[in-house]
Each structure stands twice: as structure tokens, then as C-alpha cells.
Amino acid sequence: MRAVRLHAAILAGLCFLILTAAPAFATTILVYHSFGVRSSMSISLAAFAAQLDYLEQTGHKVISMDELARCLDEGRNPPEKSVVIAIDDGWATVMQAFPELKRRDLPFTLFLPMAYVANKYCSATLSQADIDALKAYPKVTFGNHSFSHSPRLARDEAFAREDIRKSVERFREVVGHDSKYFAYPYGAHSEAYTRMLGEAGFVYLFRTGDDPVSGKTRPGAIPRIAAHRLSLPVLASVLRGHEAVLAKMKTAPESAGPLLSATPPAGTIPHNVE
């Protein structure tokens, strides 16, 4: 009997070691806005290239939004040391960063505010010709970023309902198909706004947040980090912190609730994801 108990104890210990040694992976979604201009939401092309160099040198893999969506659908963690690149607001300066992304053969996602892109009166945003050129690149994904990009969207249900309708129609006209991806303008959302987006066919909703995206992340509340002002040391710290969070998630009981991110102090990470 004692031998049976000892064998059971050894087996339990081995199972624990195997489970805790198994890798728990997550993705970090890095969000950019404009490139090479004087703006609090802009990153220089040199700094952007340096961030991409760092990801490559440290063995990080840039995956597509579609690959991340498949992971969430199946409840499994993304690949080890993976990141997703997203660009919001449809500024024309995307076309300055595009050659760098294309040269490296990297996937990325554009979240477009539909009242402003492909608009002949908005020279600072992507034109229809720009969007058509981007569409020719097989590794670009297009997501919706509302029609008006207004702060009223999370407060005014009637306004939000009409904005969603117009954004979907305009997206089909400009991009040529529907999208299941939607990024909340300013990261602002409400229960009613979220419900209406789901009714309109959006499956993956993106908010502001410092935590990593794992197989346990809800598709309706996917966090993203503003990367345009991250220095390389802070970017490195964020990625290391996400890896530490996932290591804790391996052994935390289901009842423990969400774990706090092991990222740098809030003051070092810009939260202005718009």
C-alpha cells in the first residue's frame, strides 16, 4: 500500500513538473498611428525600423490578425514570442511605413475611420489609390475603426447605431468586403455599443490595455498597446512582462481571477490608443 502511495506521489509530482514546464504563450498587439511627422501619436521611421529590428533580433515573430483570431476561436495560445502589428486612423503616412513592412514581408492590420479615408477632402489620410495599393499586398488585413471616430459613440446609442451602419456600408465601398475586426475609437466602449457591434457582424473587438493576448482572452475585449512612443528598453520590458504573466497563468487556479500584468509602471507606457 505504501509503495502504491509513493508511486502515486511520484506520478503526481512528474505531472506537476510537466505542466509547469509547458510553455504558455501569448501575443502582444502593438499599435501605431502616424509615421515621420510631428505629432504625439507619431513615430519616426528610424525608430519604427529599430523596433522591427529588435523584434527580429530577439526571435519574435509577427503574426497576422487572422492567425490570432484562429487561436482565440480555438481557445489556444498564440505562437511563442509572437506579436501583432496594427495601425490606426488611416493617416497617409502609412505609405511611408509600408515599404519597410513589405521589405520584411510582415503582416499588419489597418483600422480605418471610414468618414476620412478615401475622401478627396482629407489629404492627410489614405486615398482610394493608397488603399488599392495596400490591398495588393497579401499580408495586409483591414479592420473598421468606426465612421466618425467620435467620443459620442460610447455614450449615445442612436448616434452609435447610425455610425455603425454608415461605417459598414462605407467599408464595403472602399475596401470591397466586410470585416470582422473593430477597434474602439479612443478605446471607449459601453455595453450597448458592444452589443450593437456584435449585431453588425463584428466578432473581434479591440480595446486599450497593457495585458497580453492569450487563448483565454475574450474576442470582445482584446487589449492593445500604443507602441509609437515605446523606447527599445520599455518595449523589451513590456514583452518580458507579458512572458512572465503567461508563466504565472500556467499555475494559477481558474478561480484566481485575472493576473496583473508585469509590465513597467503605467507612466512609462503611453495609453493614448485612439
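Residues numbered from 1 in each chain as written. Predicted model: local features only at pLDDT ≥ 70, side-chain atom pairs only at ≥ 80, totals over all residues. Heavy atoms only, no water.

1. What to know about the nonpolar core
- Counting residues in each nonpolar core, the largest one holds 42 residues, and the members touching the most others are Tyr32, Phe108, Leu110, Leu112 and Phe142.
- Per-element tally for this core: the top contributor is helix H8 (residues 232–251), with five residues.
- Here Phe142 is in contact with Leu110, Leu112, Ile131, Leu134, Lys135, Phe171, Val175, Ser179 and Tyr181, once residues within four sequence places are set aside. (Core = buried A, V, L, I, M, F, W, Y, C linked by side-chain atoms within 4.5 Å. Buried < 20%, exposed > 50% of the residue type's maximum accessible area, 1.4 Å probe, protein only. Helix = DSSP H or I, 4+ residues; strand = E, 2+ residues; numbered from the N terminus. Contact = heavy atoms within 4.5 Å.)

2. Focus: the packing of helix H4 (residues 94–103) against helix H5 (residues 128–135)
- Contact pair H4 / H5: the axes reach a minimum separation of 11 Å and the direction vectors enclose 15 degrees. In terms of orientation, H4 lies roughly parallel with respect to H5. Crossing of H4 over H5 shows left-handed handedness. Of H5, the residues touching H4 (which contributes Val94, Met95 and Phe98) are Asp130, Ala133 and Leu134.
- Taken together, the residues of the contact of H4 with H5 sort by class into five nonpolar, no polar and one charged. (Axes fitted to C-alpha atoms, helices over the stretch in contact; angles between N-to-C directions. Parallel < 35°, antiparallel > 145°, perpendicular 65-115°, else oblique. Left-handed = near helix turned anticlockwise from the far one by under 90°. Nonpolar A, V, L, I, M, F, W, Y, C, P; charged D, E, K, R; others polar.)

3. Section: unusual backbone geometry
- The backbone of Asp105 shows a phi angle near 60 degrees, a positive value even though the residue is not glycine.
- Mapped onto the elements, Asp105 comes out in the loop between H4 and strand S6 (108–112).
- Residue class for Asp105 comes out partly exposed when judged on its relative accessible area of 44%.

4. Some thoughts on the environment of Gly75
- Its location among the elements puts Gly75 in the loop between helix H3 (65–74) and strand S5 (82–88).
- Of the residues examined, Gly75 reaches a relative accessible area of 48% and is grouped as partly exposed.
- In the structure, Gly75 is positioned 141 residues away from Lys216 in sequence and 6.3 Å away in space, judged by C-alpha atoms.

5. With respect to the pairing of strand S1 (residues 27–32)
- Buried residues dominate S1, accounting for six of its six residues.
- Residues Thr27, Ile29 and Val31 line one face of S1 and the alternating positions Thr28, Leu30 and Tyr32 line the opposite face, and both faces are buried.
- Both S1 and S5 contribute to a ladder of six bridges, which runs parallel. Residue pairing for S5: Thr28 is matched across the bridge by Val83. (Pairing = 2+ DSSP bridges.)

6. Points about the pairing of S6
- Among the five residues of S6, five are classified as buried, and the element is accordingly described as predominantly covered.
- Of the two faces of S6, the one holding Phe108, Leu110 and Leu112 and the one holding Thr109 and Phe111 are both buried throughout.
- Pairing analysis gives three bridges linking S5 to S6, with the strands arranged parallel. In the strand pairing of S6, Asp88 is matched with Phe111.
- Handedness of the β-α-β unit built from S5, H4 and S6 comes out right-handed.
- In terms of strand pairing, S6 meets strand S7 (residues 140–144) through five bridges, oriented parallel. Bridged to Leu110 within S7 is Phe142. (Right-handed = clockwise from strand over helix to strand, strands pointing away.)

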